[in-house]
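Residues per chain are reported as follows:
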Amino acid sequence: MRQLSEEMKNKQSRMPVLEMTKAFADENKGYFCIPGHRFERGMNPALKEQYGEGLFRYDLTETDNLDDLHHAEGPILEAQQLAAQLFGSDRCFFLVNGTTCGNEAMILTAVRPGEKILVPRNAHKSVTMGLILSGAIPVWIEPEIEEAWGTAGELLPEKVDQVLNEQPDIRAVFLVNPTYYGICSDVEKLAGVCHAHQIPLLVDEAHGSHLYFHSAFPKGAMEAGADACAQSTHKTLGSMTQTSMLHMQGTLLDQNRMDENLKLVMSTSPSYVFMAAIDAARQQMAMEGEALLSEALQLADELREAVAQMPGYRVLKIGRQDLLRVVISADRMGISGERLQELLYEKGKISLELADPVSIVLVLTWGNTHEEIQHLIQILQEIRNEYMSDPYKGLQEEELKELPPPQVAVSPRDAYYMEKETVALRDAKGRIAGEMVAPYPPGIPVLCPGERITETLIGYLKKCAERKCVLHGPADETLQTLRVLVN
């Protein structure tokens with residue numbers, strides 16, 4: 001964690017975008033441009049009553065003295081420079097389309113059509129979108145598997161180095177860090193491996209924007225030497241949904257090309273409310289980050305310790321992880337993660353980030369309270385009292401099995417544009433996928449366009465259908481059929 005000098009703290013106390021929008025709204029005497037609601041005056045009264053008037057007063061557009069995200073040269077540029085300074089990057093871009101557009105822009109910048117990029121199989125579906133847009137060829141690599149939890153773990157530097165030696169035409173490496181479950185890789189060593197091969201390391205840091213502000217966490221991507229990262233300011237900092245940042249450093253990526261690619265994938269009507277929220281979240285971390293995260297860590301420790309004392313539950317604990325992700329399993333009571341999620345909401349109206357066949361994932365921040373933690377512990381205890389008498393069932397062996405490495409038959413881009421037909425799932429063996437299948441959350445594809453469909457995969461998809469997983473990508477969400485390329 002970097003310590004801020006008094007001079008830097010004084011600079012970081014500013015919120016240029018927030019200050020800009022407030023000054024404009026206070027001084028304006030006539031507004032004849034979009035958006036149509038004209039400050040708060042034209043909004044539906046029911047919406048104003050529910051949300052308050054202030055939010056709409058600052059929903060503005062590119063006009064007098066308001067700067068332009070796509071050609072920033074005033075307060076927006078200043079706010080981005082303050083964020084770059086705080087996170088230790090050479091350049092920061094504010095994103096109003098979420099980390100999705102950041103992942104897409106990083107891939108578009110690092111690789112061109114037909115070039116290879118090394119991608120871990122636990123990458124978010126936005127990476128598949130980036131592959132389709134760029135025309136790049138994925139070389140899939142399997143991260144380590146936390147077998148007792150049935151989830152992807154870290155990506156080993158020596159494994160990456162081996163693949164890069166075997167395929168020296170790979171032009172970039174993509175990394176997910178932290179994972180949805182809070183598991184972190186050794187980004188510093190991975191960056192060293194990539195730079196030894198003279199290629200950039202791109203990091204999907206959607207779940208790690210807070211790593212920079214407390215010594216209890218592994219290093220953030222910029223601190224560890226990555227060349228670019230996209231991080232969801234809304235996921236683990238105090239910004240609004242859909243707001244993110246993209247950071248760059250070093251010379252292996254072209255900043256101007258990144259800027260151009262962001263213009264391709266991000267809205268031309270960026271929300272000033274969103275940009276002000278990013279700016280304010282940055283300022284909050286600069287001023288109070290360590291103290292706020294210490295509060296959150298205390299809550300996480302309280303929960304983790306209480307659950308560890310309850311027979312029937314277990315809590316994920318590994319060497320390198322984000323301690324604000326609390327991963328709990330009730331498998332020793334024969335309760336799946338999905339059922340535990342249902343029980344927590346039914347009995348306690350408690351909402352979780354993620355549930356899978358094995359576990360649940362809770363994301364804690366300083367916005368949580370001691371009372372919430374105690375309520376959660378109480379409901380977990382009630383569930384234990386009800387179910388602990390049931391015989392231990394354990395995990396189903398097939399749930400823990402790693403899917404075999406995918407067989408890329410054609411590039412995701414080519415598959416996206418090629419002619420497709422619909423076939424029954426049972427008849428899809430050996431065919432080439434024409435669509436993506438990604439259980440959501442976490443939005444990690446188990447099948448991408450252009451991959452050969454195997455019997456093992458069909459079995460896995462059948463289980464997804466049986467569990468009624470929420471699926472992104474397939475035209476038929478029941479998975480009775482799949483879209484495949486025409487032979």
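Refer to the preceding data block for the structure.
Residues numbered from 1 in each chain as written. Predicted model: local features only at pLDDT ≥ 70, side-chain atom pairs only at ≥ 80, totals over all residues. Heavy atoms only, no water.

Q: I would appreciate a short explanation of helix H2 (residues 16–27) in the present structure.
A: One turn of an α-helix holds 3.6 residues; hence residues three or four places apart share an orientation. Here H2 contains twelve residues, and its C-alpha end-to-end distance of 16 Å stays within 8% of the 16 Å for a straight helix at 1.5 Å per residue. Listed in full, the buried residues belonging to H2 are Pro16, Val17, Met20, Thr21, Phe24 and Ala25. End-on, the buried residues of H2 take up no more than an arc of 155°, which puts them together on one face. Looking at the buried positions of H2, the neighbouring elements they touch are helix H4 (54–57), helix H5 (75–87) and helix H12 (272–308). (Helix = DSSP H or I, 4+ residues; strand = E, 2+ residues; numbered from the N terminus. Expected span 1.5 Å × (residues − 1). Buried < 20%, exposed > 50% of the residue type's maximum accessible area, 1.4 Å probe, protein only. Arc of directions from axis to C-beta. Contact = heavy atoms within 4.5 Å.)

Q: Is there a simple way to think about the sheet that holds strand E3 (residues 137–141) in this case?
A: Either a parallel or an antiparallel arrangement is found when strands of a sheet pair, and the pairing is made through backbone hydrogen bonds. Ordered in space as E1-E9-E8-E7-E6-E2-E3, the seven strands form an open sheet in which the pairing is mixed. The open sheet has two edge strands, strand E1 (91–95) and E3, and neither has a second partner. If you compare each strand with its neighbour and ignore which way they point, the axes differ by 20° on average. Here strand E2 (residues 116–120) pairs with strand E6 (residues 170–176) via three bridges, running parallel. Among the inter-strand pairings, leucine 118 is bridged to a residue of E6, identified as valine 173. (Pairing = 2+ DSSP bridges. Axes fitted to C-alpha atoms, helices over the stretch in contact; angles between N-to-C directions.)

Q: In this structure, what is going on with the side chain of serine 232? I would like to understand it.
A: Structurally, serine 232 is set in the loop between strand E8 (228–231) and helix H10 (233–236). Judged by its relative accessible area of 1%, serine 232 falls in the buried class. Residues within four places of serine 232 in sequence aside, it is in contact with Thr99, Glu205, Ala206, Ser209, Thr243 and Ser244.

Q: For this particular structure, what's the right way to read the environment of histidine 210?
A: Checked against the element boundaries, histidine 210 lands in the loop between strand E7 (201–204) and E8. Residues histidine 210 and glutamine 231 lie 21 residues apart in sequence; the distance between their C-alpha atoms is 9.3 Å. Setting aside residues no more than four positions away along its own chain, histidine 210 makes contact with Phe217, Thr236, Leu237, Leu293, Asp322 and Leu324. A distance of 2.9 Å separates a polar atom in the side chain of histidine 210 from a polar atom in the side chain of aspartate 322. (Polar contact = N/O pair within 3.5 Å; in protein donor to acceptor, adjacent residues only side chain to side chain.)

Q: What is the right way to look at the pattern of salt bridges in this model?
A: Two side chains with opposite charge may pair up if their charged atoms get near one another. Scanning all chains against the criterion turns up 22 salt bridges. Notably, a salt bridge pairs glutamate 78 with arginine 14, separated by 3.0 Å at the nearest N-O pair. A residue pair is termed long-range when its members are at least 10 positions apart, and glutamate 78 in helix H5 and arginine 14 in the loop between helix H1 (6–12) and H2 qualify at 64 residues. According to the relative accessible area criterion, glutamate 78 is partly exposed, its value standing at 29%. (Salt bridge = Lys/Arg side-chain N within 4 Å of Asp/Glu carboxyl O.)

Q: What is the right way to look at the state of the cysteines in this model?
A: Structurally, a disulfide amounts to a covalent bond that connects the sulfur atoms of two cysteines. Scanning the entire structure with this criterion turns up zero disulfides. Of all cysteine sulfurs, the one in cysteine 229 lies closest to cysteine 92, which takes part in no disulfide; the gap is 8.8 Å. Overall, cysteine 92 belongs to the buried group, its relative accessible area being 3%. Cysteine 464 carries a free sulfur, and the closest cysteine sulfur to it, the one in cysteine 469, is 4.4 Å from it. (Disulfide = S-S within 2.5 Å.)

Q: I'm lost on a nonpolar patch on the surface in this one. Help?
A: A contiguous nonpolar patch, built from Leu47, Tyr51, Leu55 and Met240 and spanning about 350 Å² of accessible area, is present on the exposed surface. For leucine 55, the position within the fold is in helix H4. Taking the relative accessible area as the measure of exposure, leucine 55 reaches 36% and is therefore partly exposed. (Patch = residues over 30% accessible without salt bridge, like charges linked within 9 Å, V, L, I, M, F, W, Y side chains within 5 Å. Areas by Shrake-Rupley, 256 points an atom, 1.4 Å probe, with all protein chains shown as cover.)

Q: Explanation requested: the sheet that holds strand E10 (residues 314–315) in the structure shown.
A: Read from one edge to the other, the open sheet built from four strands follows the order E10-E11-E13-E12, with strand pairing classed as antiparallel. Unpaired on one side and paired on the other, E10 and strand E12 (354–355) mark the two borders of the sheet. Contacting E10 and strand E11 (325–329), H12 runs over the sheet at an angle of about 15° to E11. Packing against the sheet, helix H13 (residues 337–348) makes contact with E12 and strand E13 (360–363), and its axis sits at approximately 55° to E13.

Q: Help me out: how do you make sense of the side chain of arginine 314 in this one?
A: Along the polypeptide, arginine 314 turns up in strand E10. On the basis of relative accessible area, arginine 314 is assigned to the buried category, the value being 12%. Separated by 2.8 Å, the side chains of arginine 314 and aspartate 331 make a polar contact.

Q: Can you walk me through the packing of helix H8 (residues 157–166) against helix H9 (residues 187–196) in this structure?
A: Two packed helices can be described by the angle between their axes and the distance between those axes. The N-to-C vectors of H8 and H9 enclose an angle of 15°; their axes lie 9 Å apart at closest approach. Looking at the two axes, H8 sits roughly parallel to H9. Crossing of H8 against H9: the hand is right-handed. Contacts from Pro157, Val160, Asp161 and Leu164 of H8 reach H9 at Lys189, Leu190 and Val193. (Parallel < 35°, antiparallel > 145°, perpendicular 65-115°, else oblique. Left-handed = near helix turned anticlockwise from the far one by under 90°.)

Q: How do you make sense of the packing of H13 against helix H14 (residues 370–387) when you look at a structure like this?
A: Here H13 crosses H14 at 115°, and the two axes come no closer than 10 Å. The angle between H13 and H14 falls in the class roughly perpendicular. Seen from above, H13 lies across H14 with right-handed handedness. Seen from H13, the contacting residues are Arg339, Leu340, Leu343, Leu344, Lys347 and Gly348; seen from H14, they are His375, Leu376, Ile379, Leu380, Ile383, Glu386 and Tyr387. When the residues that make up the contact of H13 with H14 are grouped by side-chain class, the tally is eight nonpolar, two polar and three charged. (Nonpolar A, V, L, I, M, F, W, Y, C, P; charged D, E, K, R; others polar.)

Q: How should the environment of lysine 22 be read in this particular structure?
A: Considering the arrangement of structural elements, one finds lysine 22 in helix H2. Using a relative accessible area of 44% as the deciding quantity, one classes lysine 22 as partly exposed. For lysine 22 and tyrosine 58, which are 36 residues apart along the polypeptide, the C-alpha to C-alpha distance reads 6.9 Å.

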